[in-house]
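Commentary on secondary and tertiary structure
Listed here are the chains, written in short residue letters.
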Amino acid sequence: MTTRYGTVALVGKPNTGKSSLLNAIVGTSLSMVSPKAQATRMPVTGIHTTESAQLVLLDLPGLLDPAYALQRSLRLMAVEALVTADLLLHLHPATEAPAPDVAEIIPELAGQPLPPSLLVYTKSDLVSTEQRTTLEATGAILVSTEHPRSITSLIARASERLPPGAFRHDPEDIGTQPVRFFVGEYLREAAFNLLEDEVPYAVTAVVEEFREDRSPVYIRATLFVERESQKGIVIGKGGAVLRDIGTHARHRLETLLQQRVYLETRVKVLPNWRRQRGALTRFGFPLPPDETT
C-alpha cells in the first residue's frame, strides 16, 4: 500500500477557527482555544495518522496586520512555516464568504511559488443550507467542529494532496512538542478565559522548573505582564484569579500527562515586553533582521 506523508499548514487571519480545527482533527484539546482573536502565538504541531496517510498539522499564528514587535514576530513565524509546508489549508469563516485568494493575505510572498492549497470554510454550521450548497459548488471544503463527518471529509481531501512517503512518527503520536511548551499554553489559555480587555494579550509564561521525576510532577512557572496594574489583575483579590489560572492549567496538564501535577505560579512585571527585542528573544520569539522596536 502506498502511504502519504506531509506537513499541512493551517493558514488564515485571526479567529478563523484554526486551533479548533486542529483539536478536532487530532481528537484532543492540544491547541489553546479562545473566543478572543490572536490567541495563538507559537505554532502548535499536531499529528493525525490514518491507514494510508500521516498529516503533520501546523496551527500557525493568525495573519494579522502587525502593529508592534511581537505581532511582527508572530507574522514572521507564520509566513516562514507556511512556505515549507506540503499543503496549505486556507481557513476562512463561512459567515464571511467569499474568501480572498490565499496569495492576497500573504503579500510579502508575492511572486514566489506557494505550496498547493485547499480553501476551507470554517463554522459552516452558522450558514444556511443554501449558502453551504453555493460555497461547495466552488470546490471549497466546508467544515464545522459540530459535525464530525465534515472533519473526516477534510482529512480525506487533504490526504489525497500529500506526496507519497513513509510515516515519520509513531501512529499513536498526536503532537511533537514537549510538555513544557503546553504548560505555558495552558496558563495563557486560562488567562484568555478569565481576564478581560487587553490584559491577556500582555501575559506570557515561562517554565522555571520542571521535575518529572517527582510524584506529583512538580512545575514552577512565572507569568510575565507589562504593568503593575496588570499584575494586580492577574493575581486578583487574595490571589483568587491566579489560583483559578493555575487550576485550569493543572487540570489540562493532568489530562495530557495522565498523572497528578503540582503547579506553582507567580507573576512578574517586565515593562513593555511585547515591544522589546531583548525580551522577545528571551521568550523565544524570532524577529525580522531589521526589527529595532
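The following refers to the structure shown. Only a predicted model underlies this, so the values are computations on that prediction, with no experimental measurement involved.

So, the pairing of strand 4 (residues 87–93)
- The element strand 4 is extensively covered by neighbouring structure, given that seven of its seven residues are classed as buried.
- Where burial is concerned, the two faces of strand 4 agree: the one with L87, L89, L91 and P93 and the one with L88, H90 and H92 are both buried.
- Relative to strand 4, strand 1 (residues 4–11) runs parallel, the two sharing four bridges. Of the residues in strand 4, the one forming a bridge with V8 is L87.

Thoughts on the pairing of strand 7 (residues 204–211)
- Where strand 7 lies against strand 8 (residues 217–225), seven bridges are found, and the strand directions are antiparallel. Within the sheet, the bridge partner assigned to E209 lies in strand 8 and is R220.
- Joining the antiparallel neighbours strand 7 and strand 8 is a turn of five residues.

Concerning empty space enclosed by the protein
- By the definition in use, this model includes one cavity of 30 Å³ or more.
- When its volume is computed, the largest cavity comes out at roughly 30 Å³.
- In terms of lining, the largest cavity is formed by P14, Q38, T40, P61, G62, L64 and L74.

What about the packing of helix 6 (residues 228–235) against helix 7 (residues 240–257)?
- Following both chains from N to C, one finds helix 6 and helix 7 inclined at 65°, their axes separated by 5 Å at the closest point. Compared by their axis directions, helix 6 and helix 7 come out roughly perpendicular. Across the interface between the two elements, I233, V234 and I235 of helix 6 pack against A240, V241, L242 and I245 of helix 7.
- A class-by-class count of the residues in the contact of helix 6 with helix 7 yields seven nonpolar, no polar and no charged.

Focus on the pattern of salt bridges
- Applying the stated rule across the entire model yields nine salt bridges.
- The structure contains a network of salt bridges with shared partners spanning E209, R211, D213 and R220.

Here we look at the nonpolar core
- Among the nonpolar cores identified, the biggest contains 64 residues, and L89, V183, L187, I219, L223, V234 and F285 are the most heavily contacted of them.
- Aside from chain neighbours lying at most four places away, what touches V183 is V207, F210, I219, A221, L253 and L263.
- Grouped together as the second largest cluster of nonpolar side chains are 15 residues, A9, A78, V79 and A81 included.

Describing the packing of aromatic side chains
- In the structure shown here, the tally under the stated rule is seven aromatic pairs.
- Pairing F182 with Y186 gives two aromatic rings, centres 5.8 Å apart and planes at 35°, and the pair type is tilted. Residue F182 and its partner Y186 are located together in helix 5 (residues 179–194), separated by four residues, close to a single helical turn. Pair check on accessibility: F182 and Y186 agree, each one buried.
- The interplanar angle of 85° and the centroid separation of 5.4 Å between the aromatic rings of W273 and F283 together place this pair among those described as edge-to-face. Separated by ten residues along the polypeptide, W273 in the loop between strand 9 (261–269) and helix 8 (277–282) and F283 in the segment after helix 8 bring together distant segments of the chain.
- Aromatic ring contacts, followed pair by pair, group F224, W273, F283 and F285 into a single cluster.
- The aromatic ring of Y218 is capped on one face by R214, whose charged end is 5.1 Å from the ring centroid.
- Positioned above the aromatic ring of Y68 is the side chain of R275, whose terminal nitrogen or guanidinium carbon lies 4.3 Å from the ring centre.

Definitions and limits used
- Residues numbered from 1 in each chain as written.
- Predicted model: local features only at pLDDT ≥ 70, side-chain atom pairs only at ≥ 80, totals over all residues.
- Heavy atoms only, no water.
- Buried < 20%, exposed > 50% of the residue type's maximum accessible area, 1.4 Å probe, protein only.
- Helix = DSSP H or I, 4+ residues; strand = E, 2+ residues; numbered from the N terminus.
- Pairing = 2+ DSSP bridges.
- 1 Å grid on protein atoms, 1.4 Å probe; cavity = no way out; pocket = protein on both sides within 12 Å on 5 of 7 lines; lining within 4 Å.
- Points joined across faces, edges and corners; volume = space filled by probe spheres on them.
- Axes fitted to C-alpha atoms, helices over the stretch in contact; angles between N-to-C directions.
- Parallel < 35°, antiparallel > 145°, perpendicular 65-115°, else oblique.
- Contact = heavy atoms within 4.5 Å.
- Nonpolar A, V, L, I, M, F, W, Y, C, P; charged D, E, K, R; others polar.
- Salt bridge = Lys/Arg side-chain N within 4 Å of Asp/Glu carboxyl O.
- Core = buried A, V, L, I, M, F, W, Y, C linked by side-chain atoms within 4.5 Å.
- Phe/Tyr/Trp six-rings, centres within 6.5 Å; stacked < 30°, edge-to-face > 60°.
- Lys NZ or Arg CZ within 6 Å of the ring centre and 35° of its normal.

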